[in-house]
Amino acid sequence: MKGYQIKTLNEFIIEKQTEFAFARGELSGLLQHIGIAAKIINKKVNKAGLVDILGEAGATNIQGEDQKKLDVFSHDQMVQSLKSSCDCCGIASEENEGAITFDDEMSKDASYVICTDPLDGSSNIDVNVSVGTIFSIYRRVSPKGTEPMLEDFLQPGIKQVAAGYIIYGSSTMLVYTTGKGVNGFTLDPSIGEFCLSHPRMQTPKDGLIYSINEGNYVKFPEGVKKYIKYCQVIDKDTGRPYSSRYIGSLVADFHRNLLKGGIFIYPQTASAPKGKLRLLYECNPVGFIAEQAGGKATDGFRRILEIKPESLHQRTPFYTGSINMVNKVEEFLQSEIM
Ligand code: AHG
Ligand code: MN
Ligand code: MN
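Residues numbered from 1 in each chain as written. Chains lettered and ligands numbered in written order. Predicted model: local features only at pLDDT ≥ 70, side-chain atom pairs only at ≥ 80, totals over all residues. Heavy atoms only, no water.

Visitor: Describe the pattern of salt bridges, naming the residues involved and giving the relevant values.
Guide: Enumeration according to the criterion identifies 17 salt bridges in this entry. One salt bridge in this structure joins R278 and E282, with 3.1 Å as the shortest N-O distance. Overall, R278 belongs to the buried group, its relative accessible area being 4%. For E330, the salt bridge is made with K296, and the minimal N-O distance between the two is 3.0 Å. Residue E330 is found in helix α9 (residues 323-336), and its partner K296 is found in strand β14 (residues 296-298); the two are separated by 34 residues along the sequence. Ionic contacts of the salt-bridge type, sharing partners, join the residues E56, K68 and D126 into one network. (Salt bridge = Lys/Arg side-chain N within 4 Å of Asp/Glu carboxyl O. Buried < 20%, exposed > 50% of the residue type's maximum accessible area, 1.4 Å probe, protein only. Helix = DSSP H or I, 4+ residues; strand = E, 2+ residues; numbered from the N terminus.)

Visitor: Got a sec to walk through the state of the cysteines? Specific residues and values, please.
Guide: Taken as a whole and assessed by the stated rule, the structure comprises zero disulfides. Here C86 stays unpaired: no disulfide links it, and the sulfur of C88, its closest cysteine neighbor, is 9.9 Å away. (Disulfide = S-S within 2.5 Å.)

Visitor: Break down the coordination of the manganese ion (ligand 2) for me, with residues and values.
Guide: Summarising the metal site, the manganese ion (ligand 2) is bound by the protein donors D117 (OD), D120 (OD) and E282 (OE), whose distances to it range over 1.9 to 2.2 Å. Look at where the donors of the manganese ion (ligand 2) fall in the sequence and you get D-x2-D-x161-E. Here the manganese ion (ligand 2) and the manganese ion (ligand 3) are spaced 3.8 Å apart, with D117 acting as a shared donor. A residue pair is termed long-range when its members are at least 10 positions apart, and D117 in strand β5 (residues 112-120) and E282 in helix α8 (residues 279-292) qualify at 165 residues. Summarising the burial analysis for this pair, D117 and E282 share the class buried. (Donors = N, O, S within 2.8 Å, 3.2 Å for Na, K, Ca; no water.)

Visitor: So what's going on with the coordination of the manganese ion (ligand 3)? Which residues, and what values?
Guide: Six octahedral donors at a metal ideally form angles of 90 or 180 degrees, and four tetrahedral donors ideally form angles of 109.5 degrees. The protein atoms that coordinate the manganese ion (ligand 3) are E94 (OE), D117 (OD) and L119 (O), at distances of 2.2 to 2.4 Å. Sequence spacing of the donor residues for the manganese ion (ligand 3), all on one chain, is E-x22-D-x1-L.

Visitor: Break down the domain arrangement of the chain for me, with residues and values.
Guide: For the chain, the assigned domains are domain 1 (9-198) and domain 2 (209-335). When each unit is reduced to the centre of its C-alpha atoms, the spacing between domain 1 and domain 2 is 23 Å. Taken together, the contact between domain 1 and domain 2 spans 49 residues of the former and 33 residues of the latter. Each partner contributes to the roughly 2900 Å² buried at the junction of domain 1 and domain 2, and carbon and sulfur atoms together form 65% of this total. For the interface between domain 1 and domain 2, the tally reads 16 residue pairs in polar contact (both at pLDDT 80 or more). Every element with two or more residues in the side of domain 1 that touches domain 2 is listed here: β3 (88-93), β5, β6 (131-139), α5 (150-153), β7 (160-168) and β8 (172-177). In terms of residue count, the dominant contributor to the side of domain 1 that touches domain 2 is β7 (eight residues). (Domains from an automatic or database assignment. Contact = heavy atoms within 4.5 Å. Buried area = accessible area lost by both parts, 1.4 Å probe. Polar contact = N/O pair within 3.5 Å; in protein donor to acceptor, adjacent residues only side chain to side chain.)

Visitor: Account for the packing of aromatic side chains, naming residues and giving values.
Guide: One pass over the structure, following the stated rule, counts ten aromatic pairs. Seen in terms of ring centroids, F12 and Y176 are 6.4 Å apart; in terms of plane orientation they differ by 90°. Their pairing is edge-to-face. Within this pair, whereas F12 is found in helix α1 (residues 9-17), its partner Y176 is found in strand β8, the two being separated by 164 residues in sequence. For F12, a relative accessible area of 6% corresponds to the buried category. Ring centres of Y165 and F254 lie 6.0 Å apart, and the angle between their planes is 90°; this geometry places the pair in the edge-to-face category. Placement of Y165 in strand β7 and of F254 in helix α7 (residues 250-260) is noted, with a sequence separation of 89 residues between them. An aromatic cluster is present here, built from F12, Y176 and F185 joined pairwise through their rings. The ring of Y230 carries the charged tip of R240 above its face, separated from the ring centre by 3.7 Å. (Phe/Tyr/Trp six-rings, centres within 6.5 Å; stacked < 30°, edge-to-face > 60°. Lys NZ or Arg CZ within 6 Å of the ring centre and 35° of its normal.)

Visitor: Break down the site of ligand 1 for me, citing the residues and quoting the values.
Guide: Neighbouring ligand 1 are 18 residues; D120, G121, N213, Y246 and Y266 lie closest to it. Take Y266: an N or O atom from its side chain is 2.5 Å from an oxygen atom of ligand 1. Protein coverage of the free-state accessible area of ligand 1, which is 470 Å², stands at 85%. The residue makeup of the shell around ligand 1, split by class, is six nonpolar, five polar and seven charged. (Near = heavy atom within 4 Å. Areas by Shrake-Rupley, 256 points an atom, 1.4 Å probe, with all protein chains shown as cover. Nonpolar A, V, L, I, M, F, W, Y, C, P; charged D, E, K, R; others polar.)

Visitor: Go over the sheet that holds strand β11 (residues 209-211), please, and point to the residues and values.
Guide: Pairing within the open sheet is mixed, and its five strands lie in the order β12-β11-β13-β15-β14. For this open sheet the edge positions go to β12 (243-244) and β14, each flanked by a neighbour on one side alone. Looking at chain direction, strand β13 (residues 263-266) and strand β15 (residues 318-321) are connected through four bridges and run antiparallel. What sits directly across from F264, in β15, is T320. Strands in contact with helix α6 (residues 222-232) are β11, β13 and β15; relative to β11, the strand with the most contacts, it is inclined by about 150°. Where α7 meets the sheet, its contacts fall on β11, β13 and β15, and the angle it forms with β11 comes to roughly 165°. (Pairing = 2+ DSSP bridges. Axes fitted to C-alpha atoms, helices over the stretch in contact; angles between N-to-C directions.)

Next comes the structure, spelled out in structure tokens:
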């Protein structure tokens, strides 16, 4: 009898390990533990509304944002799973002011650090709209056997060894890259495994969707205002007007545009001159995926992955998605400063 033909995330990770010379399985172990954390967070997200996990935790994070109970749960779960992997010596999380370092002997000997947004789009959780988890993995620069240092986390995005996200949507998916293309796995709840469903993901070079919080229109730079008007003009050749789609969870907005083609923009505004999204936890990992899928990620002027971070919670304007669309908005932005 013919069995159920699947490739699980763990099988895929082990298979790919052989592509890295001298790989000792540490990265594989890490990715597998992220998969476990994802399943546990997924279970909690699915039960939200039934168990007491909705709403505010009653605290604010370092960025002055109200923490939701699920933000705290997801953060704690990521820390717990990564610590028990023993393949990670420290974590920088959107929900914690400083980097968290693991001081047990096994973890101190590990080669990798992780940056994470444990729950992205948390304002959407109470209304049953998609949220996500984002992660980014770097090889430490400090010597093994010691506690990791700030420099381990403040590396430019081009140094990422792997990055990905989990989207808790109508189905749950894990999408990741190790710099050799992007692959997507869908959680099959009947067997509790992420199964390869989207091999070698590539994003269209052009798209018909623009995603931006247009409520902030009056605060946008002139170039962005002009680009939005460009998106709305009728032009049969380019398929305009484009559709406007904005969920308010970066992971969900980016994932839709990755599959269909489109652009996601969170620009600098008059009240937030550096933008809102965080370089380490959101823009670098998403930017790495975008590039690996044939798309682009910039701050309007510079490649996101080449920005040297100065602090853990640094923000940046963010333009990402289909390459021709990002190039177009950059033309508008750059013509404003000439
Ligand atoms: P987080 O929930 O991790 O703080 O992230 C929220 C982010 C991002 O997911 C989304 O793209 C953006 O904030 C939405 O911001 P606005 O509500 O200002 O549009
Ligand atoms: Mn976020
Ligand atoms: Mn978050």
